[in-house]
Amino acid sequence: MPIAHPVRRKFAILVALSLSLALASACRAGAAAPGAAENQMDSPPPPPRATAPTRPVVDIELSISPSRVFHQLGDTVALRWEARDSAGRVVEGVPSKLTWPEGAEPTDEPNTFRLTRLGHQVFFLTADPDAIPPLATSALVTVVEDASDLKHRDPDLDVPFVPTAMEVVDAMLEYADVQADDIVYDLGCGDGRLFVTAAARHGAAAVGVDLDLRRIIESRQRAMDDGVTGRVRFYHADLFQTDFHEASVLLMYLLPSVNRALRPRILRNMQPGSRIVSHDFDMGDWEPDGHREVEIRELDHHVFFWIVPAWVEGIWQGEVEVEGQAVPLRLELSQQYQKAAGHLTWGEHRSEIAMAHLTGDRFEFHARVPWGDDLERVHVVGTVAEQDFSATAARAADEQREVTLPLKAQRIAAPASPSYARE
Ligand SMILES: C[S@@+](CC[C@H](N)C(=O)[O-])C[C@H]1O[C@@H](n2cnc3c(N)ncnc32)[C@H](O)[C@@H]1O
């Protein structure tokens, strides 16, 4: 039997082995690059690439979420999208210059596109800056397996699940300067990457809140993997029903409308000096105290930073000590987030204050006051603790603050609540 010959048998085994190795490697190559053979024959045009978002032309929110999946046609899902302007009005009409996500086709129904390739995906819908109507230049789109699945498992979310890229997670935690004594909240925590990383890398106590139980399960798994279950808490809850006043750092990756809806609660309930960091979306007319961009694969991610200001609105009365004499003071203040305006009465002299700014509980402003025989511009800087303001005044020209006058005031009248934080 020829095959029984030891040398031939060895050769046959070697041939069989190399054939199966060649076959396996061909299969691996095929798996790594499906359609590679066809591509050599006839390369299809590359899929449309999302262009790097530029600054939005106007503040328009464009969101597509699983909750807006409105019908299913076999293995095709039709998704409805919605664009809103900064006043929250729905913008009608399909914008020109819109780049559809790969695999999506617009349908005849308004603001609807059809997607045939199902499965969990995240991608961008992109509008040119000069699209009509003008839109924010990118939108996040999440598609889950199918609409019937959503009925059972998807709660009515205000924001779809889109995880923050780890580069942005690092930038957000660094911007917030998270420390071990912080209490970090992530409202809409997704798979836990933000708040669990705050606990794991920065040693903070951290809390994740999500309405989707799947996200809480993933967050818990991440905390277990990172060995920080003792430092984190999970709330399977609606972020609008969650009390987060204890947070010294609040992390958010939501949507502009959700940020704006949360704004009054942030300003009323969080302690002055607490830090807020939001991925990609701002807080309407509450200007950020800082803003950075993180570029990932030619896409700019925005990181916005705010510090909760102390509340100084109202009338304050007190005195400043000038050469051993107590000179009476009165401050009448209005406030819009971290900016204030109003008048200072110093002895008999009343003047408008300028450059009034709050950084947490630090309050500073400029005013012209009697100084010796002249009127001088002074820089007042101090700390607000509820109804007490304790500060020093120095001539604005005296940058080293060599001569400072101690100043104290108490608030004697205030509106019922911060006027800039009403619902
Ligand atoms: C864009 S993802 C952000 C996830 C995570 N914070 C991150 O940056 O990777 C938004 C998250 O908010 C959750 N969410 C949406 N509406 C919510 C609500 N009303 N209450 C709590 N969580 C909500 C979603 O389930 C989702 O996980």
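Just so it is clear, the model here is predicted, and its values are computed rather than measured.

## Let's talk about the nonpolar core
And then number 1: Counting 50 residues, the largest nonpolar core has Val-184, Phe-195, Ala-206, Leu-250 and Leu-251 as its most contacted members.
And then number 2: Of the residues forming this core, the biggest block, five residues, is contributed by helix α5 (residues 193-202).
And then number 3: Excluding its chain neighbours within four sequence positions, the residues that come into contact with Phe-195 are Val-184, Asp-186, Cys-189, Ala-206, Val-207, Gly-208, Val-232 and Leu-251.
And then number 4: Within the second largest apolar cluster, 25 residues are counted, among which are Trp-316, Val-378, Leu-407 and Ala-409.

## Considering the pairing of strand β26 (residues 405-413)
And then number 1: Here strand β18 (residues 314-322) runs beside β26; their pairing, made up of six bridges, is antiparallel. Bridge assignment links Trp-316 to a residue of β26, and that residue is Arg-411.
And then number 2: In this sheet, β26 lies alongside strand β25 (residues 388-395) in antiparallel orientation, the contact comprising six bridges. Looking across to β26, one finds that Ala-393 is bridged to Leu-405.

## Focus: α5
And then number 1: With seven of ten residues buried, α5 lies mostly within the body of the structure.
And then number 2: Every buried residue belonging to α5 is among Arg-193, Leu-194, Phe-195, Val-196, Thr-197, Ala-198 and Ala-199, and all of these are buried.
And then number 3: The inward-facing, buried residues of α5 abut α4 (166-175), β11 (183-187), β12 (205-210), α6 (213-225), β13 (232-236) and β14 (249-252).
And then number 4: Immediately beyond the C-terminal end of α5, within one or two residues, lies Gly-203, with a positive phi of roughly 75°.

## A look at the site of the ligand
And then number 1: The environment of the ligand is made up of 23 residues, and the closest members are Thr-164, Gly-188, Gly-190, Leu-239 and Tyr-253.
And then number 2: Sorting the residues of the shell around the ligand by element identifies α5 and β12 as the ones contributing at least two each.
And then number 3: Residue classes in the shell around the ligand are distributed as twelve nonpolar, four polar and seven charged.

## Focus: the pairing of strand β16 (residues 290-296)
And then number 1: Of all seven residues in β16, zero are buried, a share of ten percent or less.
And then number 2: The hairpin turn running from β16 into strand β17 (residues 299-307), its antiparallel successor, is two residues long, and Arg-297 in that turn takes a positive phi close to 45°.

## Examining the confidence of the model for the protein chain
And then number 1: The share of residues in the protein chain with pLDDT of 70 or more is 65%, and the mean pLDDT across the chain is 75.
And then number 2: The low-confidence segment residues 1-74, where pLDDT is below 50, has 90 contacts with residues more than four positions distant or belonging to other chains.
And then number 3: Predicted confidence for residues 134-152 stays below pLDDT 50, and this span has 62 contacts to residues more than four positions away or in other chains.

## With respect to helix α7 (residues 256-269)
And then number 1: Along its 14 residues, α7 runs 20 Å from first to last C-alpha, staying within 8% of the 20 Å computed at 1.5 Å per residue.
And then number 2: At Leu-262, α7 is deflected by roughly 35°, the largest bend along its length, and proline Pro-264 occurs up to four residues later in sequence.

## Quick look at the environment of Arg-201
And then number 1: Tracing the chain through its elements places Arg-201 in helix α5.
And then number 2: Take Arg-201: there are 15 C-beta atoms within 10 Å of it, and that puts it in the partly exposed class.
And then number 3: For the pair Arg-201 and Val-178, spaced 23 residues apart in the sequence, the C-alpha separation amounts to 9.4 Å.

Reading the values: rules and limits
Residues numbered from 1 in each chain as written. Predicted model: local features only at pLDDT ≥ 70, side-chain atom pairs only at ≥ 80, totals over all residues. Core = buried A, V, L, I, M, F, W, Y, C linked by C-beta atoms within 7 Å. Buried ≥ 20, exposed ≤ 12 C-beta atoms within 10 Å, placed from the backbone. Helix = DSSP H or I, 4+ residues; strand = E, 2+ residues; numbered from the N terminus. Contact = placed C-beta atoms within 7 Å. Pairing = 2+ DSSP bridges. Near = placed C-beta within 6 Å. Nonpolar A, V, L, I, M, F, W, Y, C, P; charged D, E, K, R; others polar. pLDDT = per-residue confidence, 0-100. Expected span 1.5 Å × (residues − 1). Bend = angle between axes of the 7 residues up to and from the residue.

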